[in-house]
Amino acid sequence: MNAPREDRRCLAFLVLAVVPLAGCGGSQNALAPESHQARDIATLFWWMMGGAWVGLGLVVGLLLWSWKRRNRRGFGRDVEGDKPGEKRSWYAVVVLGIVMPIAVISTLFVVSDLFVIKTTQAPASTTTKLTVQVIGHQWWWEVRYPGTTAVTANELHIPARTPVRVEVKTADVIHSFWVPELNRKIDTIPGRSNVVELDADQVGRYRGQCAEFCGLQHAHMAMYVFVDEPSAFRRWLAQQEKPVEAPSSALAERGARLFLDGPCSSCHAIRGTDADGYVGPDLTHVASRATLGALTVSNTPDDLRQWILHSQQAKPGNQMPDFNASGARLDALVAFLEGLK
Amino acid sequence: MAIATPPTPAAAERMERLEQIWESRPGILGWLTTTDHKRIGLLYFWTTLALFGAGGAEALLIRTQLAQPNQHVVSPQTFDELFSMHGITMIFFFIIPMTTGAFGNYLLPLLLGARDMAFPRMNALSYWIFLASAIFIYTSLFIGKAPNAGWFNYVPLASKQFNPGHNIDFYCLGIIFNSIASTLTAGQFIVTIFKSRAPGMSLNRMPLFCFAMLAASFGLLFALPALSADTTFLFLDRNVGTHFFDASHGGSALLWQHLFWIFGHPEVYILIVPAFGIATSIIPAFTQRRLVAFPLVAVAELLVVFVGFGVWAHHMYAVGMTTISMIFFAAATAMVVIPSTIQVFAWCMSFITGFARFKTPLLFIAGFIFMFVTGGLTGIMFVAIPFDQQVTDTYFIVAHFHYIIFGAAVFPIFGGMYYWFPKVTGKLYFERPGQISFWIIFVGTNLLFFPMHIVGLLGMTRRVSTYPSGLGWTAYNLAETIGGFVTLAGILLLLGNLFVSYFRGPPAGPDPWHGPTLEWTTSSPPPEYDFAVIPRVTSAYANWDPVDREADRLNLADGLLMLEHGHEQPTVTPVDGRLAEIAQMPHESPWPPVLALALALVFTMLLIGLYGVAGIMGLVCLLALAGWHSQEPPE
Ligand SMILES: [Cu+2]
Ligand SMILES: [Cu+2]
């Protein structure tokens, strides 16, 4: 991570305060588009920002002009009927205050709302090759691939250069699915399903985050979109479709029993076992994921351990209770879950 | 010019009599039973200032928590309550009651040449209800049950299922309670503006400040019912088992959003239009020029509120509406820009063609124009639906509306505080620290809010209680937090300046600025009856019409038009402003605070769930009303 250096660079931009954006941060940046939709939006923004600086410059210029003319005559003289330059001022108000904005805003309206909007609209189902279902939960994302048995959480894999239809729903409150480098955001509304298209140019990892306030852990409801080469994507999907394999060690075997007999299975599903809970994420391939808890912690054996013990510390208020287990049982659980590749 | 001392013994004697008729009771009791619009304005001022302090403290706690990534200054639960209360406070308990309740109450009769509001007791009632509602909602914070679903409180997050505590009940009831006060204020502002002007003040001679108050009042009157319906539905859903917003029983979560924003967007204009009124009072005074394009600006002030009723769905572009309906709302959003640009350029041209003197109030107005234009330009960007869908619910939006709300509403409030300070206190403030306070606040707020645009575009969503490092957000957030504390320093300097000036400032005299409107014709602070002589008005800048002011002086000398026989005030025809009749005004009444107290008990019982007791309290309210009406002034 070279975050500090990047932050410093951003600070320098901030001091300059002009065109401060490109190149800062990286992974959730609306101005670092990696799809034609996000690129159209970003381009629209740059034009609008240019226009905005001109508009602001105009008004600041007028104010500075009046500053130059300040105190220009005695104060408190008789001002009966005083409206110097009224006629010219009227012209200025009509031209700058009515004609100019109508022209500028009509142009903006036509370009953005009649043309650019088409690229960000929900795709017709015929134009996409793949559909992914994303279901928002307090505070994690369930991800399904209709037509397959694959279910995962907090990460989407999609093939590169392929239009993908993402159907978003909610299991509880309103969330908002947003991966800024790929497209605009879309809310998940109870009783409805909304659609947004993802069509990434390049292989890579893109960060997304819930954008609608959804309660205590709204801040920790993020996700990754992994854009893979189509062949790699197919391999990944095939792997995710598989049910769980038999535990590879005695320790893992013990962990599996603990999982199935303990409270875990009432909330989590593991395909190929009796565990079919639906309160928390499907854990069939939990070890293959990059993070735990919707990008709250990374997915190492240590973090997993800590998560099971103290998920309430890492993500206070989340729906999984802390599990007070002795070291040996915990070792077994972790060994089992680590095997779920 | 102003009437400083009574010119003749006869006039002095009549003024003595006016004094006796309008005098209020001494001491606390006088304040409790007052119906004097100036006293009510001051009560509103002090109360809203205290609430501004509360809302500001909440904001600074939020900024402290977000100064660095992964901090634990406050828990997520507290954080949610803080930002919810911050929004609720600043909108419902600071800006609206400050601009209408404090500035409007104090100034409207003075600018109209009236002696009081049209319904003085109703005015008092609005204050006491407001105070009670503020205490009601802040109780929630102190018992740790404050509203925690944001100021727009979306369902189903705010439903009983996902929010079982009393937090949201406080929200529903507190908002309904508060909007009773706003409705009372709005209703009587409208009547006052149409009926209580000085004879001769036809609508086209009415100061722009009053147009602004009129626009805001109409806005409140028509917008608040949607909010009241919304919060009532929610209260019923939560406590009675109705299903207005429950999608699994045929209700709709989006219904909440539509009703909320039908109120919520006009609300934005209701927040800033009174501030426009303040600006259009200060600009003529400090440029010594009648405002450019007066009729156009007056119409624009009304129009902005009117068109503002047709744009609400632009807060909802991400909910998955059909494209065609989004385009409709985008077109309306585009239209609402025009009344604003008209005003901006009318102000700018007044600065240029007038004789600008950049004293503190005008500096605040220049700063206000800068902030309003910045916020307005990012606002225009939301005409572009795809861009809106990209940045809505991010810090870009937070930046936008803080430029509008802090920049376009609070800056004029500060400017107005300096501008009318001499009128209200009779003292001049100190100019140097005043100007320094402006620059500190100006730099502070820009440091506070500008970086929010950038982090928003970098992907930072709003209402996050914390954020990870490594996304390039840290430095901006730190800068914002520093900006927050700089702003605080500026505001403290402002208040300190006014505080010291109150005790040490040189006397101001009736008209230190050579101000344009009627309040500057009377003494500072104004007498209880506002004007000794009902002023003559032939233009919207009455204090700049020497002939009329000379006429007032002659009337005073002759003891004419003083209405010193009773608690009286002339009323006029609504448009032409011709004298209609002399109305007997009510005087001091204990019933408004009593009624407000009874109402507070109704709401408390509703909160606790004792609906029967609430009903009984409702009957007590009716009794209080009966008591109130037993004290009618003679016809
Ligand atoms: Cu969410
Ligand atoms: Cu969320």
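These numbers come from a predicted model, not from an experiment.

Caption draft 1: Geometry of the overall build of chain B. For chain B, the count of helices and strands is 19 helices and 2 strands. For chain B, whose C-alpha radius of gyration is 25 Å, the value lies close to the compact-globule estimate of 26 Å for 635 residues. Seen through its principal axes, chain B has C-alpha atoms that stretch 75 × 60 × 50 Å. Counting across all 635 residues of chain B, residues that qualify as buried make up 68%. Contacts in chain B between residues far apart in sequence, at least 24 positions, make up 80% of those at least 6 positions apart. As displayed, chain B has an accessible area near 19,100 Å², and 72% of this comes from carbon and sulfur atoms.

Caption draft 2: Seen up close, the overall build of chain A. When you go through chain A residue by residue, the secondary structure sums to 8 helices and 12 strands. Put simply, chain A has 341 residues, and 52% of those count as buried. A separation of at least 24 residues holds for 63% of the contacts in chain A among residues at least 6 apart in sequence. Accessible surface, chain A: about 15,000 Å² in total, of which carbon and sulfur atoms supply 59%.

Caption draft 3: Spotlight on the coordination of the copper ion (ligand 2). Residues and elements named next belong to chain A. Protein ligation of the copper ion (ligand 2) involves Cys210 (SG), Glu212 (O), Cys214 (SG) and His218 (ND1), the donor distances falling in the range 2.0 to 2.4 Å. In terms of primary sequence, the donors binding the copper ion (ligand 2) are separated according to C-x1-E-x1-C-x3-H. A spacing of 2.6 Å is found between the copper ion (ligand 2) and the copper ion (ligand 1), which share Cys210 as a donor. For Glu212, a relative accessible area of 3% gives the class buried. Residue Cys214 is classed as buried on the basis of its relative accessible area of 0%.

Caption draft 4: Expanded view of the pairing of strand β1 (residues 130-137) of chain A. Along β1 of chain A, 7 of the 8 residues are buried, which leaves the element largely enclosed by surrounding structure. A loop of 2 residues connects β1 of chain A with strand β2 (residues 140-144) of chain A, the two strands running antiparallel in sequence.

Caption draft 5: Quick look at the nonpolar core. By size, the foremost hydrophobic cluster in this structure holds 276 residues, and its most contacted members are Leu156 and Phe177 of chain A together with Phe368, Ile369, Phe387 and Phe414 of chain B. Sorting elements by how many residues they give to this core places helix α4 (residues 76-112) of chain B first, with 21 residues. Residues in contact with Phe414 of chain B, not counting those within four places in the same chain, are Phe52, Phe364, Phe406, Ile441, Ile491 and Leu494 of chain B. In terms of nonpolar packing, the next biggest core, distinct from the first, is built from 24 residues, Leu258, Leu309, Leu330 and Phe336 of chain A among them.

Caption draft 6: The arrangement of the packing of helix α9 (residues 294-308) of chain B against helix α11 (residues 337-353) of chain B in detail. All names here are of chain B. Running from N to C, α9 and α11 point in directions that differ by 145°, and their axes come no closer than 8 Å. Seen along the crossing, α9 lies across α11 with a hand that is left-handed. On α11, the residues that touch Leu296, Val297, Ala300, Glu301, Leu303 and Val304 of α9 are Pro339, Ser340, Ile342, Gln343 and Ala346. Split into classes, the residues belonging to the contact of α9 with α11 amount to 8 nonpolar, 2 polar and 1 charged.

Caption draft 7: Here's a closer look at the packing of α4 of chain B against helix α14 (residues 395-425) of chain B. All names here are of chain B. Between α4 and α14, the shortest axis-to-axis distance is 11 Å and the interhelical angle comes to 35°. For the crossing formed where α4 meets α14, the hand is left-handed. In this structure, α4 contributes His86, Phe94, Ile95, Met98, Thr99, Phe103, Tyr106 and Leu107 to the contact, and α14 contributes His402, Ile405, Ala409, Val410, Ile413, Gly416, Met417, Trp420, Lys423 and Val424. Its residues assigned to classes, the contact of α4 with α14 shows 13 nonpolar, 4 polar and 1 charged.

Caption draft 8: The arrangement of the state of the cysteines in detail. Scanning all chains against the criterion turns up 0 disulfides over all chains. The closest cysteine sulfur to the non-disulfide-bonded Cys172 of chain B is located on Cys621 of chain B, 20 Å from its own sulfur.

Caption draft 9: Broad picture of the side chain of Thr185 of chain B. You can see Thr185 of chain B is positioned in helix α6 (residues 167-195). Apart from residues no more than four positions distant in its own chain, Thr185 of chain B is found in contact with Tyr44, Thr100 and Ser126 of chain B.

Caption draft 10: The sheet that holds β2 of chain A, seen in detail. All names here are of chain A. Here we have 5 strands laid out as an open sheet, ordered β3-β2-β1-β5-β8, and mixed in their pairing. In this open sheet, the two strands that pair with only one neighbour each are β3 (151-153) and β8 (194-198). For this sheet, the mean angle separating the axes of adjacent strands, direction not counted, is 25°.

Caption draft 11: Summary view of the coordination of the copper ion (ligand 1). Residue and element names in this part refer to chain A. Protein coordination at the copper ion (ligand 1) comes from His175 (ND1), Cys210 (SG), Cys214 (SG) and Met221 (SD), with a distance range of 2.0 to 2.6 Å. The coordination sphere of the copper ion (ligand 1) comprises 4 donor atoms, whose angles at the metal cover 91 to 131°; the geometry is tetrahedral. Taken in chain order, the donor set of the copper ion (ligand 1) reads H-x34-C-x3-C-x6-M.

Caption draft 12: How the structure looks around the sheet that holds strand β10 (residues 222-228) of chain A. Residues and elements named next belong to chain A. Reading across from one edge, β4-β10-β9 is the order of the 3 strands in this open sheet, with mixed pairing throughout. Only two strands of the sheet have a single neighbouring strand rather than two, namely β4 (155-159) and β9 (204-209). Averaged over all pairs of adjacent strands, the angle between strand axes in this sheet comes to 25°, irrespective of strand direction. Two elements, β4 and β10, share 5 bridges in a ladder whose sense is parallel. Residue His157 lies in a different strand from β10, and its bridge partner there is Phe226. Seen against the sheet, helix α4 (residues 230-241) touches β4 and β10 and runs at an angle of roughly 135° to β4.

Caption draft 13: Spatial organisation of the pattern of salt bridges. The tally for this structure, following the rule as stated, stands at 20 salt bridges over all chains. Across the salt bridge formed by Asp331 of chain A and Arg305 of chain A, the nearest N and O atoms sit 2.4 Å from each other. Of this pair, Asp331 of chain A sits in helix α8 (residues 327-338) while Arg305 of chain A sits in helix α7 (residues 301-314), and the two are 26 residues apart along the sequence. By relative accessible area, Asp331 of chain A is classed as partly exposed at 33%. Here Arg17 of chain B and Glu13 of chain B are joined by a salt bridge, their closest N and O atoms 3.1 Å apart. Of the two residues, Arg17 of chain B and Glu13 of chain B both sit in helix α1 (residues 9-22), 4 residues apart, roughly one turn of that helix. Its relative accessible area of 49% is what places Glu13 of chain B among the partly exposed residues.

Caption draft 14: Examining the interface of chain B and chain A more closely. Facing the 97 residues of chain B at the interface are 100 residues of chain A. For the pair chain B and chain A, the interface holds 1 salt bridge. Between Arg289 of chain B and Glu86 of chain A there is a salt bridge, with the nearest N and O atoms lying 2.6 Å from each other. On the surface where chain B and chain A come into contact, there are 17 residue pairs in polar contact (both at pLDDT 80 or more). Here the side of chain B that touches chain A takes 12 residues from α11 of chain B, the largest share from any one element. The residue makeup of the side of chain B that touches chain A, split by class, is 67 nonpolar, 23 polar and 7 charged.

Caption draft 15: Summary view of helix α8 (residues 253-287) of chain B. Residues and elements named next belong to chain B. An ideal rise of 1.5 Å per residue puts 51 Å on 35 residues; α8 measures up with 51 Å between its terminal C-alpha atoms. The largest bend in α8 comes to about 30°, at Trp261. Here α8 lies mainly inside the structure; 31 of its 35 residues are buried. With a side-chain oxygen lying 3.1 Å from the backbone nitrogen of Leu254, the N-terminal cap of α8 falls on Ser252. Looking one or two residues beyond α8, the residue adopting positive phi is Gln288, at roughly 50°.

Caption draft 16: Local environment of the packing of aromatic side chains. Residues and elements named next belong to chain B. Applying the stated rule across the entire model yields 78 aromatic pairs over all chains. Residues Phe233 and Phe245 carry aromatic rings whose centres are separated by 6.3 Å and whose planes lie at 55° to one another, so their mutual orientation is tilted. You can see Phe233 sitting in helix α7 (residues 208-239) and its partner Phe245 sitting in the loop between α7 and α8, a full 12 residues away along the chain. Taking relative accessible area as the criterion, Phe233 reaches 23% and is therefore assigned partly exposed. Of the residues examined, Phe245 reaches a relative accessible area of 5% and is grouped as buried. With centroids separated by 5.1 Å and ring planes inclined at 85°, the aromatic side chains of Tyr502 and Phe503 adopt a geometry described as edge-to-face. A relative accessible area of 43% means that Tyr502 is categorised as partly exposed.

Caption draft 17: Examining the confidence of the model for chain B more closely. In this model, chain B carries a mean pLDDT of 93, and residues with pLDDT of at least 70 account for 99%. Predicted as a complex, the structure gets a pTM of 0.94 and an ipTM equal to 0.91.

Cut-offs used in this document
Residues numbered from 1 in each chain as written. Chains lettered and ligands numbered in written order. Predicted model: local features only at pLDDT ≥ 70, side-chain atom pairs only at ≥ 80, totals over all residues. Heavy atoms only, no water. Helix = DSSP H or I, 4+ residues; strand = E, 2+ residues; numbered from the N terminus. Rg over C-alpha atoms; globule rule 2.2 N^0.38 Å. Buried < 20%, exposed > 50% of the residue type's maximum accessible area, 1.4 Å probe, protein only. Contact = heavy atoms within 4.5 Å. Areas by Shrake-Rupley, 256 points an atom, 1.4 Å probe, with all protein chains shown as cover. Donors = N, O, S within 2.8 Å, 3.2 Å for Na, K, Ca; no water. Pairing = 2+ DSSP bridges. Core = buried A, V, L, I, M, F, W, Y, C linked by side-chain atoms within 4.5 Å. Axes fitted to C-alpha atoms, helices over the stretch in contact; angles between N-to-C directions. Left-handed = near helix turned anticlockwise from the far one by under 90°. Nonpolar A, V, L, I, M, F, W, Y, C, P; charged D, E, K, R; others polar. Disulfide = S-S within 2.5 Å. Tetrahedral: all angles 85-135°; square planar, octahedral: opposite > 155°, others 65-115°. Salt bridge = Lys/Arg side-chain N within 4 Å of Asp/Glu carboxyl O. Polar contact = N/O pair within 3.5 Å; in protein donor to acceptor, adjacent residues only side chain to side chain. Expected span 1.5 Å × (residues − 1). Bend = angle between axes of the 7 residues up to and from the residue. Phe/Tyr/Trp six-rings, centres within 6.5 Å; stacked < 30°, edge-to-face > 60°. pLDDT = per-residue confidence, 0-100.

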